[in-house]
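Summary of structural features
Spelled out from the first residue to the last, the chains are:
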Amino acid sequence: MLLDFNKSEIKEYVTALGEPTFRAGQLFDALLQAKNIDEISNLSSSFKDKIANDYPSFCILKKLISQDGTTKYIFKFLDGEIVEGVLMKYKYGNTLCVSTQVGCRMGCAFCASGMNGLKRNLSAGEILQQVLCVNRDQGGNIKNRKVTNIVLMGMGEPLDNYDNVTKFLKLVSSNEGINISQRNITLSTCGLVPKIYQLADEGFTVNLTISLHATNDENRQKIMPVAKSYSIEQILNACKYYFEKTGRRFGFEYALVAGQNDSIKDADNLASLLKGLPCMVNLIPLNYVKGKKLSGANEKQTKAFLDRLLCRNINATKRRTMGADISGACGQLRRKVLEEGS
Ligand code: SAH
């Protein structure tokens, strides 16, 4: 698919087809604008015939707009696979949450995305396509972007699809492309330790955030199978390394599950664990997922937990839950959305 290519690869592609190189610029522009092939007016129909099989079609199948303005997008790819994304509007700009896999194989107990396992990885171009199509849908273009920030927090585990995700990071942050700085991109991971080191060593500078959700390995293993492979200590060491290499502070997501990890004692344990680290904690009251028995902490408990972290000098915020009425909140994105009519 042509969105997997950077500008010089597009040039090579066009040259290999026996076309003049200026066609590459025209083609690249059309791709960045998320145009459908039949909307490109400056390319001949014989050229379009040659590229038709490689050219992506507009991937937004459906969108749902929440009362708070958050928009959930349903994207459909050429093989019919479906993923979801969410656009959140803030004062400073618009953040798009993109998916990196169809399904997920991490199997976290509280999350909808992995309920049917992993179907397949998304290619770099398919991840980029979500950004470009939403930018167009919101009336943006390359100079006047309507997607200013990206979070890799949709369906899938980004570091379980390392090669495609890092290729996407290069494409999306390229000044020949949509040019969204890596400083405005956040990668969220359940903690695939070796890949965190690799990301740092390869010179990426995205914001890193870890889905922690527990303060010791035993409790973490109960809700996150990946915790059997990597300990919290190993994760913290990888984060410190990432900070040393990149200078980027890191973050932790902590979903508060009623009666399981939301006590003041848990807050104290979390504060002790993170003491002195250049990091921030994002608390998310667990969002409802159909078919899961766990429930979220209430407001009072969440506030008490937050206050405890703050008075222990931990930089923490409570994540505003956006888009819950359209099942667009954290952990609610899933593959078979259409069949289930949600
Ligand atoms: N696989 C990556 C990216 C997913 S990001 C990761 O684990 O970080 C989605 C975030 O939402 C993660 O922090 C995830 O743990 C969290 N999450 C999943 N299910 C949730 C739920 N039901 N309520 C609140 N947060 C949830």
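Details of the structure are given in the entry above.
Below or above, wherever it landed, is the structure these notes cover.

Phi is mostly negative for residues that are not glycine, and the peptide bonds are mostly trans. Positive phi values are uncommon outside glycine, yet Ala34 reaches one of about 55°. Position of Ala34 among the secondary structure elements: in the loop between α2 (22-32) and α3 (45-51). Even without glycine at this site, His213 takes up a positive phi of about 65°. Tracing the sequence through the fold places His213 in the loop between β9 (207-211) and α7 (217-223). For His213, a relative accessible area of 6% corresponds to the buried category.

Scanning the model with the defined rule gives 14 salt bridges in all. Residues Asp79 and Arg120 are paired through a salt bridge, measuring 2.7 Å at the closest nitrogen-oxygen approach. Of the two residues, Asp79 is situated in the loop between β2 (71-76) and β3 (82-90) and Arg120 in strand β6 (residues 118-121); the sequence distance between them amounts to 41 residues. Of the residues examined, Asp79 reaches a relative accessible area of 48% and is grouped as partly exposed. Between Glu126 and Arg120 there is a salt bridge; the shortest N-O distance is 2.9 Å. If you follow the salt bridges from partner to partner, you end up with Glu19, Arg23 and Lys50 in one network.

Using the criterion set out here, one finds 6 aromatic pairs in the structure. Relative to Tyr13, the ring of Phe5 has its centre 5.9 Å away and its plane inclined at 55°; by these criteria the two rings are tilted. Judged by its relative accessible area of 14%, Tyr13 falls in the buried class. Consider the rings of Tyr73 and Phe75, whose centres lie 6.0 Å apart with planes at 15°: the pair is stacked.

Next up on the list: the site of the ligand. If you check the shell around the ligand, you find 19 residues, and the closest are Glu157, Ser188, Ser211, His213 and Asn287. Separating a nitrogen atom of the ligand from a backbone N or O atom of Phe110 is a distance of 3.0 Å. Between an oxygen atom of the ligand and a side-chain N or O atom of His213, the distance comes to 2.6 Å. Taken by itself the ligand offers 540 Å² of open surface, and the protein chains cover 95% of this. Along the lines of polarity and charge, the residues of the shell around the ligand split into 9 nonpolar, 8 polar and 2 charged.

This part takes up the sheet that holds strand β12 (residues 316-318). If you walk across this open sheet you meet the 10 strands as β1-β2-β3-β4-β7-β8-β9-β10-β11-β12, and the pairing is mixed. Looking along the sheet, the strands with just one partner apiece sit at the ends: β1 (60-65) and β12. Ignoring strand direction, the axes of neighbouring strands in this sheet form an average angle of 20°. Where strand β4 (residues 93-97) lies against strand β7 (residues 149-152), 3 bridges are found, and the strand directions are parallel.

We now examine the pairing of β4. Most of β4 sits out of view: 5 of its 5 residues are buried. By the bridge criterion, 5 bridges tie β3 to β4 in an arrangement that is antiparallel. Counterpart to Tyr90 in the pairing with β4 is Gly93. Between β3 and β4, which pair antiparallel one after the other, the connecting turn spans 2 residues.

Contact geometry for helix α4 (residues 124-137) and helix α5 (residues 162-173): axes closest at 8 Å, N-to-C directions at 45°. Comparing the axis directions of α4 and α5 gives the class oblique. Judged by the sense of rotation from one axis to the other, the crossing of α4 with α5 is right-handed. Within the contact between the two elements, α4 uses Ala124, Ile127, Leu128 and Val131 and α5 uses Asn164, Val165, Lys167, Phe168, Leu171 and Val172. Tallied by class, the residues present in the contact of α4 with α5 amount to 8 nonpolar, 1 polar and 1 charged.

Take α4 next. Helix length check: α4 (14 residues) gives 20 Å between terminal C-alpha atoms against 20 Å at 1.5 Å per residue, within 8%. Across the 14 residues of α4, 12 count as buried, placing the element largely inside the fold. Among the residues of α4, Ala124, Gly125, Glu126, Ile127, Leu128, Gln129, Gln130, Val131, Leu132, Cys133, Val134 and Asn135 are the ones counted as buried. Looking one or two residues past α4, Gly139 carries a phi angle of roughly 85°, positive in sign.

Within the largest apolar cluster, 102 residues are counted, with the highest numbers of intra-cluster contacts made by Leu27, Val131, Ile150, Phe168 and Leu309. It is α4 that provides the largest number of residues to this core, a total of 7 residues. Dropping the residues within four chain positions of it, Ile150 is found in contact with Leu96, Val98, Val131, Phe168, Val172, Ile180, Asn184, Ile185 and Thr186.

Below, the discussion takes up empty space enclosed by the protein. Evaluated as defined, the whole model comprises 1 cavity of 30 Å³ or more. There is about 70 Å³ of room inside the largest cavity. Lining the largest cavity are 13 residues, and of these Leu3, Leu31, Ala34, Lys35 and Pro56 sit closest to its centre. Contributing elements (two or more residues each) for the lining of the largest cavity: α2 and α4. Looking at the lining of the largest cavity, the element that brings in the most residues is α4, giving 3 residues. Of the residues that constitute the lining of the largest cavity, the class distribution is 9 nonpolar, 3 polar and 1 charged.

How each quantity is defined
Residues numbered from 1 in each chain as written. Predicted model: local features only at pLDDT ≥ 70, side-chain atom pairs only at ≥ 80, totals over all residues. Heavy atoms only, no water. Helix = DSSP H or I, 4+ residues; strand = E, 2+ residues; numbered from the N terminus. Buried < 20%, exposed > 50% of the residue type's maximum accessible area, 1.4 Å probe, protein only. Salt bridge = Lys/Arg side-chain N within 4 Å of Asp/Glu carboxyl O. Phe/Tyr/Trp six-rings, centres within 6.5 Å; stacked < 30°, edge-to-face > 60°. Near = heavy atom within 4 Å. Polar contact = N/O pair within 3.5 Å; in protein donor to acceptor, adjacent residues only side chain to side chain. Areas by Shrake-Rupley, 256 points an atom, 1.4 Å probe, with all protein chains shown as cover. Nonpolar A, V, L, I, M, F, W, Y, C, P; charged D, E, K, R; others polar. Pairing = 2+ DSSP bridges. Axes fitted to C-alpha atoms, helices over the stretch in contact; angles between N-to-C directions. Parallel < 35°, antiparallel > 145°, perpendicular 65-115°, else oblique. Left-handed = near helix turned anticlockwise from the far one by under 90°. Contact = heavy atoms within 4.5 Å. Expected span 1.5 Å × (residues − 1). Core = buried A, V, L, I, M, F, W, Y, C linked by side-chain atoms within 4.5 Å. 1 Å grid on protein atoms, 1.4 Å probe; cavity = no way out; pocket = protein on both sides within 12 Å on 5 of 7 lines; lining within 4 Å. Points joined across faces, edges and corners; volume = space filled by probe spheres on them.

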